[in-house]
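Understanding the architecture of this molecule
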Amino acid sequence: MLQPLELTNLLSWLDTTLRDSMPVFWVLLIEFVLVAVALLAAYAILAIILIYAERKITAFFQARFGPNRVGIYGILQSIADVIKILLKEIIRINNVDRFLFFAAPFFMIVASMLTFGAIPFGKMLHAIDFNIGVLYVTAVSSLGIIGVLLAGWSSNNKYSMIGAMRSGAQFVSYELSAGFALMTIVVLTGTMSFSEMIAKQEFCWNIFNGHISSIIAFVIYLISGHAETNRGPFDLPEAESELTAGYHTEYSGLQFGFFYLAEYLNMFIIASIATTVFLGGWMPIQIPGLDGFNQVMWYIPSYAWFFGKTGVLIFLSLWVRWSFPRLRIDQLLNLEWKYLLPINLVNILIMVILVLAGLTLTDLFPVLAP
């Protein structure tokens, strides 16, 4: 029988080896440290990959080359930029609230790291599996706006303050629609645990299981998540033509790097949650009755499925960013409060009716149930 090349095999071997040679306390301590180091390394590596990918994809859309000097096809350009930003001087700004000014970037990093740790990257490949994973992710991801508001207010700069106020209004508004879209799928699956959600999507992904209601929730979540990351056409908080750089105008060096890093990882987190909740997460494509096909699909590692699906959503996000002009603030808020939120409220009621009436695909076709 074909066996998938899963990282869990290596992790199980490591855990067994440690437990055979030392007390449980030291085993847990070493494993916690290794998990933390792995998450930090993955955080940094993913950011570098995403920065390079966006540059190349953007260049393709705009009929130019993109990075093509440092390394083959410019593949080392992002690494060179990381080294440069680490070496750049942090400019001291007068008349700022120093404590809050220096604390703001860490709120951004901590918020995205806390969310990052709850994402299931593969089969049994997550730092922690909460039974309220959806609620946890929604709560801790909201902490990032505190860093934005602190950065704008503590900078003592009118452009930074306007950017922070715009970002606060935008984030709080679109967070409602993102939360309701996720709650629609919670109603469908009957659980907030990411691992249980993925297990229930073995033969039928949630985007199809809830008929048109799931598709609407998926589209609304992508729009709302894109708006929460402050990326075009929702990049009003960082509008260069109006606000220089928005809420991080006064930041330089590594401090600016933290904001830059968090922006790309938040894009990855939004795509990861959408993959987990709507597209089966790390679960491969499975067709009832085709055992041979299913076994071949299982041979592809679960993390390959996860990153493949997430990569498609990230590409879609970049496509949207470089295809549409920036919205005005009134258009941005009207889209949320007059359209997305009312549609979301009606949509979640439709989903409740579908579930109570037993009209989901897994109810109508039991062969699709795990």
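Re the overall build of the protein
Of the regular secondary structure elements, the protein holds 16 helices and zero strands. In terms of overall dimensions, the protein is globule-like: its C-alpha atoms have a radius of gyration of 22 Å, near the 21 Å expected for 370 residues. Across its three principal directions, the C-alpha atoms of the protein cover 65 × 60 × 45 Å. Counting the 370 residues in the protein, one finds 46% classified as buried. Long-range contacts, defined here as pairs at least 24 residues apart, represent 78% of the contacts in the protein between residues at least 6 apart. In the structure as shown, the protein presents an accessible area of about 18400 Å², 73% of it carried by carbon and sulfur atoms. Seen as two clouds, the 19 positive and the 23 negative side-chain charges of the protein have centres 11 Å apart.

Describing the packing of aromatic side chains
Scanning all chains against the criterion turns up 26 aromatic pairs. Ring centres of Phe256 and Tyr260 lie 5.9 Å apart, and the angle between their planes is 20°; this geometry places the pair in the stacked category. You can see Phe256 and its partner Tyr260 sitting in helix 12 (residues 253-278), four residues apart, about one turn around the helix. Aromatic pair Tyr260 and Tyr264: ring centres 5.2 Å apart, planes at 75°, arrangement edge-to-face. Of this pair, Tyr260 and Tyr264 are both found in helix 12, four residues apart, which corresponds to roughly one turn of the helix. You can call Tyr260 partly exposed: its relative accessible area is 28%. In this structure an aromatic cluster arises from ring pairing among Tyr43, Phe116, Phe121, Phe268, Phe306 and Phe307.

Here's the deal with the pattern of salt bridges
If charged atoms from side chains of opposite charge come close, those side chains can pair. For the structure on display, the rule yields seven salt bridges. Close ionic contact of Glu54 with Arg321 constitutes a salt bridge, the shortest N to O distance being 2.6 Å. In this pair, Glu54 sits in helix 2 (residues 24-61) while Arg321 sits in helix 14 (residues 302-321), placing the two residues 267 residues apart along the sequence. A salt bridge links Arg231 to Glu263, with the nearest nitrogen and oxygen atoms 2.9 Å apart.

What to know about the side chain of Lys309
With respect to the element layout, Lys309 can be found in helix 14. We classify Lys309 as buried; its relative accessible area is 9%. Side-chain polar atoms of Lys309 contact the backbone oxygen of Met283, separated by 2.8 Å. Leaving out residues up to four positions away in the same chain, Lys309 has contacts with Trp205, Thr275, Leu279, Gly280, Gly281 and Met283.

Looking at the side chain of His226
By the secondary structure assignment, His226 is in helix 10 (residues 211-228). What makes His226 buried here is its relative accessible area of 8%. Among all residues touching His226, those that are not within four sequence positions of it are Arg231, Gly232, Pro233, Phe234, Ser317, Val320 and Arg321.

What about unusual backbone geometry?
Non-glycine residue Tyr73 carries a positive phi angle of around 55°. Structurally, the position occupied by Tyr73 is in the loop between helix 2 and helix 3 (77-87). The residue Asn230 is not glycine, and still its phi comes out positive at about 60°. With respect to the secondary-structure elements, Asn230 resides in the loop between helix 10 and helix 11 (240-243). The exposure class of Asn230 is buried, given its relative accessible area of 6%.

Details of the packing of helix 4 (residues 98-116) against helix 12
Contact geometry of helix 4 with helix 12 gives a least axis separation of 9 Å together with a crossing angle of 25°. Comparing their axes, helix 12 and helix 4 come out roughly parallel. Considering how the two elements wind past one another, helix 4 and helix 12 form a crossing that is left-handed. Of the residues in helix 12, those touching helix 4 at Phe101, Phe102, Ala104, Pro105, Phe106, Met108, Ile109, Ser112, Thr115 and Phe116 are Gln255, Phe258, Phe259, Leu261, Ala262, Leu265, Asn266, Phe268, Ile269 and Ile273. When grouped by side-chain class, the residues that make up the contact of helix 4 with helix 12 number 16 nonpolar, four polar and no charged.

Overview of a nonpolar patch on the surface
Taken together, Val70, Ile72, Tyr73, Ile75, Leu76, Ile79, Ile83, Leu86, Leu87, Ile90, Phe102 and Leu254 make up a surface patch of nonpolar side chains, about 1200 Å² in accessible area. With four residues, helix 3 is the largest single contributor of residues to the nonpolar patch. Residue placement: Val70 occurs in the loop between helix 2 and helix 3.

Let's talk about the packing of helix 7 (residues 158-189) against helix 15 (residues 329-356)
Axes are the key here: two packed helices are described by the angle between their axes and the distance separating the axes. Contact pair helix 7 / helix 15: the axes reach a minimum separation of 9 Å and the direction vectors enclose 10°. Between helix 7 and helix 15, the angle is such that the two are roughly parallel. Our pair here, helix 7 against helix 15, has a crossing hand that is left-handed. Taken together, the residues of the contact of helix 7 with helix 15 sort by class into 19 nonpolar, six polar and one charged.

Definitions and limits used
- The numbers attached to residues start from 1 for each chain and follow its sequence in the written order.
- Only residues with pLDDT of 70 or above have their local features reported here, since the model is predicted, and side-chain atom pairs are shown and tallied only from 80 upward, although totals for entire chains, interfaces and linings are computed over all residues.
- Here the side-chain values reflect all heavy atoms present in the structure, with hydrogen atoms and water set aside.
- A run of H or I in DSSP counts as a helix once it spans at least four residues, and a run of E counts as a strand once it spans at least two, with each numbered from the N terminus.
- Using C-alpha atoms as the atom set, the radius of gyration is obtained and then compared with a globule rule of 2.2 Å times the number of residues to the power 0.38.
- For every residue, the accessible area (1.4 Å probe, protein chains only) is compared with the maximum for its type, and the residue is labelled buried under 20%, exposed over 50%, or partly exposed between those bounds.
- Any two residues whose heavy atoms approach within 4.5 Å at even a single point are treated as in contact.
- Note that accessible areas follow from Shrake-Rupley with a 1.4 Å probe, and for residues the cover is restricted to the protein chains shown.
- When charges are counted, Lys and Arg contribute as positive and Asp and Glu as negative, whereas His and the chain ends are disregarded.
- Where a charge sits is defined by one atom per residue type, namely NZ (Lys), CZ (Arg), CG (Asp) or CD (Glu).
- Stacked, edge-to-face and tilted are the three classes for Phe, Tyr and Trp ring pairs, Trp counted by its six-membered ring, which pair at centre distances within 6.5 Å; planes under 30 degrees apart are stacked, over 60 edge-to-face, the rest tilted.
- Salt bridges are identified by distance alone: a Lys or Arg side-chain nitrogen within 4 Å of an Asp or Glu carboxyl oxygen.
- Polar contacts, as counted here, are pairs of nitrogen or oxygen atoms within 3.5 Å of one another; within protein the pair requires one atom able to donate a hydrogen and one able to accept it, and residues that are adjacent in sequence qualify only if both atoms are side-chain atoms.
- Fitted lines through C-alpha atoms serve as axes, helices being fitted only where they are in contact, and the angles separating the N-to-C directions of these axes extend from 0 to 180 degrees.
- If an angle is under 35 degrees, it is roughly parallel; if it is over 145, roughly antiparallel; if it lies from 65 to 115, roughly perpendicular; otherwise it is oblique.
- Each crossing is labelled by how the near helix is turned from the far one, with a counterclockwise turn of less than a right angle marking it left-handed and a clockwise turn marking it right-handed.
- Gly counts as polar in this scheme, as do all residues outside two lists: the nonpolar Ala, Val, Leu, Ile, Met, Phe, Trp, Tyr, Cys and Pro, and the charged Asp, Glu, Lys and Arg.
- Patch construction takes residues with relative accessible area above 30% that form no salt bridge. Like charges are linked within 9 Å, and nonpolar side chains (Val, Leu, Ile, Met, Phe, Trp, Tyr) are linked within 5 Å.

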